[in-house]
Every structure is written in C-alpha cells, then in structure tokens.
There are 2 protein chains.
Amino acid sequence: MLTVILCGGSGSRLWPLSRDLHPKPFIRLPDGESLAQKSRLLAESIAGGDETLVVTNRLLEAKLVEEFREIGRGSARYILEPEGRNTAPAVAAAALDAARRHGRNIRMLYLAADHLVGNRAAFAKVVEAADKAADAGHIALVGVDAKSPKTSCSYLESGPAGKVAFYPKPGAATAERLFDSGRCLWNTGIMCVRAKTLLDQMARHCPDVLQAAAAGLDAGRSAARGGNAFVLLDPENFAAAPSLSIDDALLAKTGSIRAVHGDMGWNGVDSWESLSALYSPGDGGNRSLGDGEALFRQSTNTDVFSHNRLVAALGLDGHLVVDSDDVLLVAKKDRADDAGLACRLLRENRHPATRAHRTEFRPWGNFTLLEPAPRFKIKRLELKPGAAISLQLHRRRNEHWIVVEGIAEVTRDDETFLLATNESTYIKAGHTHRVGNPGRIPLVLVEVQSGDYLGEDDIVRFEDVYGRI
Amino acid sequence: MLTVILCGGSGSRLWPLSRDLHPKPFIRLPDGESLAQKSRLLAESIAGGDETLVVTNRLLEAKLVEEFREIGRGSARYILEPEGRNTAPAVAAAALDAARRHGRNIRMLYLAADHLVGNRAAFAKVVEAADKAADAGHIALVGVDAKSPKTSCSYLESGPAGKVAFYPKPGAATAERLFDSGRCLWNTGIMCVRAKTLLDQMARHCPDVLQAAAAGLDAGRSAARGGNAFVLLDPENFAAAPSLSIDDALLAKTGSIRAVHGDMGWNGVDSWESLSALYSPGDGGNRSLGDGEALFRQSTNTDVFSHNRLVAALGLDGHLVVDSDDVLLVAKKDRADDAGLACRLLRENRHPATRAHRTEFRPWGNFTLLEPAPRFKIKRLELKPGAAISLQLHRRRNEHWIVVEGIAEVTRDDETFLLATNESTYIKAGHTHRVGNPGRIPLVLVEVQSGDYLGEDDIVRFEDVYGRI
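Heads up: these notes are all about the structure in this document. What you see is a predicted model, and the numbers here were worked out from it, not measured in a lab. (Residues numbered from 1 in each chain as written. Chains lettered and ligands numbered in written order. Predicted model: local features only at pLDDT ≥ 70, side-chain atom pairs only at ≥ 80, totals over all residues. Heavy atoms only, no water.)

1. Concerning the packing of aromatic side chains
Residue and element names in this part refer to chain A.
Inference 1: As enumerated under the stated definition, the model contains 8 aromatic pairs over all chains in all.
Inference 2: Between tyrosine 279 and phenylalanine 305, the ring centres sit 6.2 Å apart and the planes meet at 80°, which makes this aromatic pair edge-to-face. Placement of the pair is tyrosine 279 in the loop between helix 10 (272-276) and strand 14 (287-289) and phenylalanine 305 in strand 16 (residues 303-305), with a sequence separation of 26 residues. Taken as a pair, tyrosine 279 and phenylalanine 305 share a single burial class, namely buried. (Phe/Tyr/Trp six-rings, centres within 6.5 Å; stacked < 30°, edge-to-face > 60°. Helix = DSSP H or I, 4+ residues; strand = E, 2+ residues; numbered from the N terminus. Buried < 20%, exposed > 50% of the residue type's maximum accessible area, 1.4 Å probe, protein only.)

2. Comments concerning helix 1 (residues 35-45) of chain B
All names here are of chain B.
Inference 1: Of all 11 residues in helix 1, 9 are buried; the element is thus mostly enclosed.
Inference 2: Among all positions of helix 1, only Leu35, Ala36, Gln37, Lys38, Ser39, Arg40, Leu41, Leu42 and Ala43 are buried.
Inference 3: The inward-facing, buried residues of helix 1 contact strand 1 (2-7), strand 2 (51-57), helix 2 (61-70), strand 4 (107-112), strand 5 (116-117) and helix 4 (120-135). (Contact = heavy atoms within 4.5 Å.)

3. Digging into the relation of the copies chain A and chain B
Inference 1: The transformation that overlays chain A on chain B combines an axial shift of 0.0 Å with a rotation of 180°, and the residual RMSD is 0.1 Å. Both copies are brought into coincidence by an operation consistent with a two-fold rotation axis. Looking at the rotation axis and the C-alpha trace of chain A, the residue lying nearest is leucine 370 of chain A, at 3.3 Å.
Inference 2: Interface overlap between copies: 100% of the residues of chain A at the interface are likewise at the interface in chain B, consistent with a symmetric, same-surface contact. (Least-squares fit on C-alpha atoms with pLDDT ≥ 70 in both.)

4. Regarding the interface of chain A and chain B
Inference 1: Listed per partner, the contact involves 53 residues of chain A and 54 residues of chain B.
Inference 2: Here chain A meets chain B over a buried area of about 4,400 Å², counting both sides, of which 63% is carbon and sulfur.
Inference 3: Seen at the junction of chain A and chain B, the total is 2 salt bridges.
Inference 4: The shortest N-O distance in the salt bridge between arginine 380 of chain A and glutamate 371 of chain B comes to 2.2 Å.
Inference 5: Inspection of the region where chain A meets chain B yields 27 residue pairs in polar contact (both at pLDDT 80 or more). (Buried area = accessible area lost by both parts, 1.4 Å probe. Salt bridge = Lys/Arg side-chain N within 4 Å of Asp/Glu carboxyl O. Polar contact = N/O pair within 3.5 Å; in protein donor to acceptor, adjacent residues only side chain to side chain.)

5. Notes on helix 3 (residues 87-102) of chain A
Note on helix geometry: an α-helix contains 3.6 residues per turn, so any two residues three or four positions apart are oriented the same way.
Residue and element names in this part refer to chain A.
Inference 1: An ideal rise of 1.5 Å per residue puts 22 Å on 16 residues; helix 3 measures up with 22 Å between its terminal C-alpha atoms.
Inference 2: Of all 16 residues making up helix 3, 12 are buried, and the element is well covered by its neighbours.
Inference 3: Restricting attention to buried positions, one finds in helix 3 the residues Ala88, Pro89, Ala90, Val91, Ala92, Ala93, Ala94, Ala95, Leu96, Asp97, Ala98 and Ala99.
Inference 4: Positive phi appears at glycine 103, one or two residues downstream of helix 3, with a value of about 95°. (Expected span 1.5 Å × (residues − 1).)

6. A word on the environment of valine 91 of chain B
Residue and element names in this part refer to chain B.
Inference 1: By secondary structure assignment, the location of valine 91 is in helix 3 (residues 87-102).
Inference 2: Through-space distance from the C-alpha of valine 91 to that of arginine 309 is 41 Å; in sequence the pair is 218 residues apart.
Inference 3: Excluding anything up to four places from it in sequence, valine 91 contacts Leu6, Tyr110, Met191, Leu198 and Ile246.

7. Digging into the pairing of strand 22 (residues 376-383) of chain B
Residue and element names in this part refer to chain B.
Inference 1: Buried residues dominate strand 22, accounting for 7 of its 8 residues.
Inference 2: Where strand 21 (residues 365-372) meets strand 22, 7 bridges bridge the pair, whose relative direction is antiparallel. Residue pairing for strand 22: asparagine 366 is matched across the bridge by glutamate 382.
Inference 3: What sits between the antiparallel neighbours strand 21 and strand 22 is a turn of 3 residues.
Inference 4: With 8 bridges joining them, strand 22 and strand 29 (residues 443-451) adopt antiparallel strand pairing. When the sheet's bridge partners are listed, lysine 377 is paired in strand 29 with glutamine 449. (Pairing = 2+ DSSP bridges.)

8. Details of the sheet that holds strand 17 (residues 310-314) of chain B
Inference 1: Pairing is mixed in the open sheet, where 6 strands are placed in the order 14(A)-16(A)-18(A)-19(A)-17(B)-15(B). Looking at strand neighbours, the two that pair on one side only are strand 14 of chain A together with strand 15 (293-297) of chain B, the edges of this open sheet. Between one strand axis and the next, the sheet turns through 10° on average, direction left out of account.
Inference 2: Looking at chain direction, strand 16 of chain A and strand 18 (residues 319-323) of chain A are connected through 3 bridges and run parallel. (Axes fitted to C-alpha atoms, helices over the stretch in contact; angles between N-to-C directions.)

9. Here we look at unusual backbone geometry
Residue and element names in this part refer to chain A.
Inference 1: For the bond running from tryptophan 15 to proline 16, omega is 10°, close enough to zero to count as cis.
Inference 2: Positionally, proline 16 belongs in the loop between strand 1 (2-7) and helix 1 (35-45).
Inference 3: At alanine 161, a residue that is not glycine, the phi angle is positive and equals roughly 60°.
Inference 4: Here alanine 161 is to be found in the loop between strand 7 (155-158) and strand 8 (164-167).
Inference 5: Phi is positive for aspartate 413, which is not a glycine, with a value near 50°.
Inference 6: With respect to the helices, strands and loops of the structure, aspartate 413 is situated in the loop between strand 25 (408-412) and strand 26 (415-419).

10. What to know about the pattern of salt bridges
Residue and element names in this part refer to chain A.
Inference 1: Throughout the structure, instances matching the rule amount to 68 salt bridges over all chains.
Inference 2: Aspartate 323 serves as the salt-bridge partner of arginine 309, at 2.6 Å between the closest nitrogen and oxygen. With a gap of 14 residues between them, arginine 309 in the loop between strand 16 and strand 17 (310-314) and aspartate 323 in strand 18 connect regions that are remote in the sequence. Here arginine 309 and aspartate 323 have matching classes, each one buried.
Inference 3: Ionic pairing is found between arginine 362 and glutamate 360, a salt bridge with its closest N-O pair at 3.3 Å.
Inference 4: The exposure class of arginine 362 is partly exposed, given its relative accessible area of 25%.
Inference 5: Judged by relative accessible area, glutamate 360 falls into the buried class, the value being 17%.

Interpretation in functional terms is not warranted from these geometric data alone.
If you want it as structure tokens, here you go:
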C-alpha cells in the first residue's frame, strides 16, 4: 500500500501561530512532535506501508525533510507544488504518479498532515476495512462520530445499501441539521482507494483538475537529494489547475463513496479550541502554553500561548491570547475562529505577518529577524554542527558577521578562514561568501545587513549542499 | 512663589507602560507631551513663578532634564533622592531647601508631575485662592468634585468654620460613604503653603521625616550642570527617613488644612481608565493607542495600546490590551487596576520587566535591547547629533560596533577615528572607548556585546559631558 501525505494548506484558522511558510503541519504539540511528524509515523505504522509519497509546496520542502530527519525517518518521494492549488490537484498528482510507477491497481492511503490520530491500533483496523472497500472499487472515506455541528469539516451520511451522501463543509444551519440527525459522521479526510478508481472518477467529475495535474507531472523536473526523490511539478501547467478541494471537485459529485466508521482518537486540530484541548488546564481552567511566562489573576478558562514575553491576564474568562514576535491575537474563545478571517483579510493586503514568523527555518538551521529597519536589518543565525549556507552573493547589501557562540568557517571570494566566538568579518556587496559550522555545537552568528535594498530576493546562489540552486 | 514639582513614584497602576525607570511622569499623552512636561509648563504659567524646584530620583535626573530641554524650558533646581522614600521626605526636603535659600516665609506651590490640569486660567485662580489661605497660615489643598468612589486618591471633607477632615486613600467602603455624602472632594495633591507652616507642622506630626530630610540635605552634594543646579541628598541620612506619604505623615494628622475647590479639567491619570479617557474612541467605542496597528472584529469598548506589533482583537468587549516589548497585559477593564498588584508581585521577585523598558533613554539618546542572551547581547544605540557617550571601559565584555545610519566618531585608547555608515569596529574588554555623533542626523549603531559577564554595572566611566561620574 502506498501512503500519500498531503502537507499543505495555510491553516489560517490557527493564525498567527500558523503562517503561509509555517502552516499547521509544522505546529508542535505538547509532546514536542509536529503534526507532520505524527502523520509520517502514523503512515509507517501500517503494516505494508511500502512507500511514502508526500505532496507539499516547494517552499516547504526543506522544512519538511528536516521534520522527518528529526524523527529518524528515511527516504520518501516528494511531489512539490509550485503553488498551492487546494487539495484536488494534489490528490490527482499523487494518484497519477503512483499509477505510473506502480500500475493503476496500486492501493493508496491518503492522509493529511494536519490532524491527529491518537489510537494507532484502532487506526490500523479502520484502514484494513477501508482498504477492503477500496478493493471493491469504492472510494472509502474514514468518518468519526460528529461531536458538534462544526462547519470546518465535511460530513458523511450513510444511506441504504451502503450508499453515502457527502456534504462538503456546510454552513451553520446545514451543520446543525446534519449533526442533529444523529446519522452523520465527520469526514476525517483519511481515504483508501485504488489509483484507477480515483483517476477514473476524477476523469469523469473533474477532468480539468486531472489534466492540469498530469501536464504538471509530465513537464515536471525530477531530482534526488539526500536519499529523497523529488518531482517539482511544472509551474505553468500546474497553474492551470482550478483551485478546488477534493471535497468539491470529486467527493460531492461521485456516487462511489463508502464510509468506514472509526473510533481512533481523532482530532482535526482545526481550531484553537481543538489545539488547546491537547493541553491540560491548570488552576481555574487556565492554560499556559508555549515557552513564555503567564500570570493569571481573577482569570478562568483562559488559554495563553506565549513565546518570549510575559503575559499578564487579569479578569479574563474564556479568552484566548496568542502572542508571537510580530502579532498578538486576543479573542473571546467563541470568536477565536475569526482568526482565519483576520488572516485572510491581512493576506489580501500582503501583510508580512501572514507569510512567515520572525524566525524561519532552513536546512542549515534557522534565522530570526530581530530588527527590520528601512536601511538595515539585524538577524541572528543559528547553524547546526556540520551545516553551511549556500555559496552566494548579494548585489546590493553588505553583511557584517559577528560570531557570538561556536566557531565559523567563512569563505569570502578565494579565501577561507575560521572565526572564533567574539570575532567578526565583513562581506561587501558583490563578493561571494559562505559560512559553515565546522564545530560540534551550534554556531550563533549576528548578521547586520546594510544597504539601499535588503529584500530576501537579492541573492545569487552558486553552490548549495541542499540543492537550492 | 516657588513651585515644587514632585516627580517620583513608580506608577505601577499603569504597568507595563510605566516602569521603575520610566514612571508615570514620562508617559506621553495624545498631544505628544509627557505629564512631566505638562507639569513644568503649568508651574511656569503661574505669574510670579520665580523658580522651579524639582524633586526626583537620581536615576531619573538625566531623563527629566531631557524632557524639559525638549519643551525649551531652561534652568531648574533639582533635589535628587538616592532612593524613593514616598512623598513625605520629598516634601520636607523641598521645604527645607526653600526656607534655607529664600527664608521661612517663602510661598510654595506643590505640584505632582503625574497628573493633568486642562484649564490653566481656572488653575491660576485656584492657586490665587489657595495662596491666600496659605498666607493665613493654613495648608491649602486643592480639591475637585469627586466623580466616583475611587480608592486611589485621598478625600477632603469640609466641615464647619472652614475646618477640613482629611481622609488618606480610603478602602472601598469608606470611599463609597465619602462619595455618597456629596460633601467630599478628591484631593488633587496640589498644595499652597508657606515653608514655615509646613516645617512647623512636620516638626510636630512627623519629626523623624523632617530630621532625615534635613540630614540628607546637610550632607548632600551640590553640583551645577548645563544651567541646572543639583543637590544629591546624602544616601545614608536620607535612607533613615520613614517611607511615608505626605497624606499619612502629615495631612491626616494636622488640623491646619483648608480646602480650595477647583474646576480646572483635572485628571489624576491614576488608572488605565483615566489614561484611555484622554483618547477619542473610534467605531464601537474601541481605541487604538500607540504606534502599532490594531485590528478590531466584533469588538467593542476595547482599548489597545500597541507598540510595534499588530494586535488583532476578536470578540472583545470592555477589555484593555497593553502590548510592550517584553510584557503583554490583557485585562477586563474592571480588573485593570490589578496591573499594579501584578507589577508589585513581579517586583518582589525582581522581575526585569518591572524595572525598565527594552528601550531606555539616556542624555545622549537611547538604546534598545534587541536580544538578551546569556553570553551575548544585541543593542541598537541612537545618538543625537552632537551627543557622545561617556569615555568608559568594561572589564569583562567586548563590544562590536556597526554604524548603520549616520556617522560616528570613535575614541579607542589613544586613537580617534571616524566610522561612516556600514563601517564597524571592535572594542576589546579593558580598553577605554567612547562614541560620539559628529554629524547632523541621528547616529544609529548596532552594538553586539560578547563576554562571560554582561551586566550594565560592568562600566568604569572616566569622562562624561553629562556629569555621570
């Protein structure tokens, strides 16, 4: 069985914790694992999980590879989307790729990287049952008991003779009706299907999606790096795919769905409420999440996600506070889902706080933007032992580097030299340079950029051990 | 008439906007002026205001001088307290100093630097009336109509024959009773009195306060700098003063009080509510204060003080959000006064967020702590044109300086050289150094400190144009 992990989506409901470049799959849970890591471990817990196919945005590749490396998971095959086009094109590309490589009969298990399955044994049994239904030519969807009339997931309603009515994310009134009927399941997005079933159904119900995915795959570029295989879908062809969810493009139209009921500790982690529920409350039902301090007074049922700041909550009841380096969200819990709305509004205005956190992860480590000023920028870079940034140059910005922890190996034009803690160097615009960490502890570097243009796109890469040229 | 401005107090009720080193008088109001500046302008609006005497903490001296310089006010006489001992010792020191220099008959007007008088013409009339009462040997206190049973100020109750009962900051029940009586005024803290009256009354009701203040003054050190005269009270002698408010030490005990009723647009600025009230609300009664962005959705009557972060308020009603670099306060407005309590709790634990903001002001400009790490610190320094830091050395920390805006004149040991924007230098521990701004625009410098000890107290000053040696 081939497992497909769909790792995309902006997860704007969990903004400002999630960002375009740090979507929900990368959010860490109380045990320190991310949803992406948990999905990979879950996929590989299924006996017969021969290969893992990951579909993600090209901008998330390095981050995701690093997530999987952290949990000691080896090679996978990645289909990289040049841009997010919702789930239908991603599902199609995975099925096409699987059929080409393994034949149209290949058994497929689709998982999303942004939800949680608590009980792996129960999950294995559910997948076994779903796989049987898939074997009979159905699209087998795993559903769980609906616990509220929520509008953030689709619903499955079983009818006579195993027939299933599929309701894509409903409005509030429909959700109420479906929930009250007592016959509906939440659709988890976990799907078992033969590639040929899926491809045939998509050819019938959403041929344009299938065609664009196929064209993207045909003209895509393959590469192998660090034990992983990558296919970058062709940007132009893939851009022709309509941006549709698999729910709307196919599942709401096909008559081939079978529902498999699962009781496996599922959590969609699709709201602040469901994320908070993973943490145990303290006195007064308050929760202090994250690595910052929280001080509660006369407050109850209040959740504080704080980073490096002290949060004082006075007289709050049923509130949510999410503190990040550049955005602060304060909400009454029953309006917390409006975070998604706020995020989308800001994204339309290209607000930088929707794109990335101040700290961004790279294959070599991470950097934090400490001060963004018009004519200079201050960053702290952290390089893992053995890691190095690419050999690069900037046309318009100069960089000052000061080593504040560890040891650095600097290449500047034709010279290579070591910098110890408390030593510094200067890279003038137009000169090639690279810094690596030859030591055994993390290298921390303060970088002060100065120049008349400081955009991240002022970079020419010559060599990159992570293949980013 | 000699005007005394008492500029002290921690203003913990307005924490985290106010800090020990940035108390209420330094908070900027909507028109851009600080309370300290407004007090000085008010003091000097009185005809016959011959001299201004300022009593403040020695740590606030430079900051206060700068505040007054900003509004073009010239020389003043400063009495500097080595530590805050509440208002009674400060009031005593001012009266003693005034009596010695101008004779015991000197007419005195006491003002606090942390409240607001909107109507200067009305104020002048009130002072005239109060001065008359002072002339008759009374302690004339200016009271305003009580508008609520608040517990953060003292009350004046007029009795028969001009006699006044004085109630120091009452508990909630007493405040209710006083307010309901309809006969009580809030005490503004504005006082007219002859020095001799005050000194005689203090000698009778709080001789220990008077004695410690006198000893502190006797053994104090005088200096003149930049057109101002300073007396630093002797630390040891002044420390013997009991830490008492003038309300408790004298006003609650003496029978010499007269109340003068004023209607002069007074605002004690002694709560978040009174501070917010200075700003006009927008849609839904929400206020966005400070220079950050705020996004309101489904929110009403909510005040957001934000600095450089985006604040999204969802579904809030009657809330206060105060965002600062290192502390975030979120409160239901009716619990907002607990900020003072939270601040005091944290202060007991020597939490750094009670002492200063990440940005601190100095005579030469300001610095912002961008990253406090155990083994390195990153600061941004901004020097005004013509300003210079003191000639200094650090025993244990090294400093890297990078000029990112303007031009710097650096002295290092025996050499002096210029650094243009984008140039850098290095100051090794143990070497004397100074940086100045010889240019006409602000100099912005990134300083990376590195070493095994990075406390602010690792500094040896050799020369300082601001007299801080």
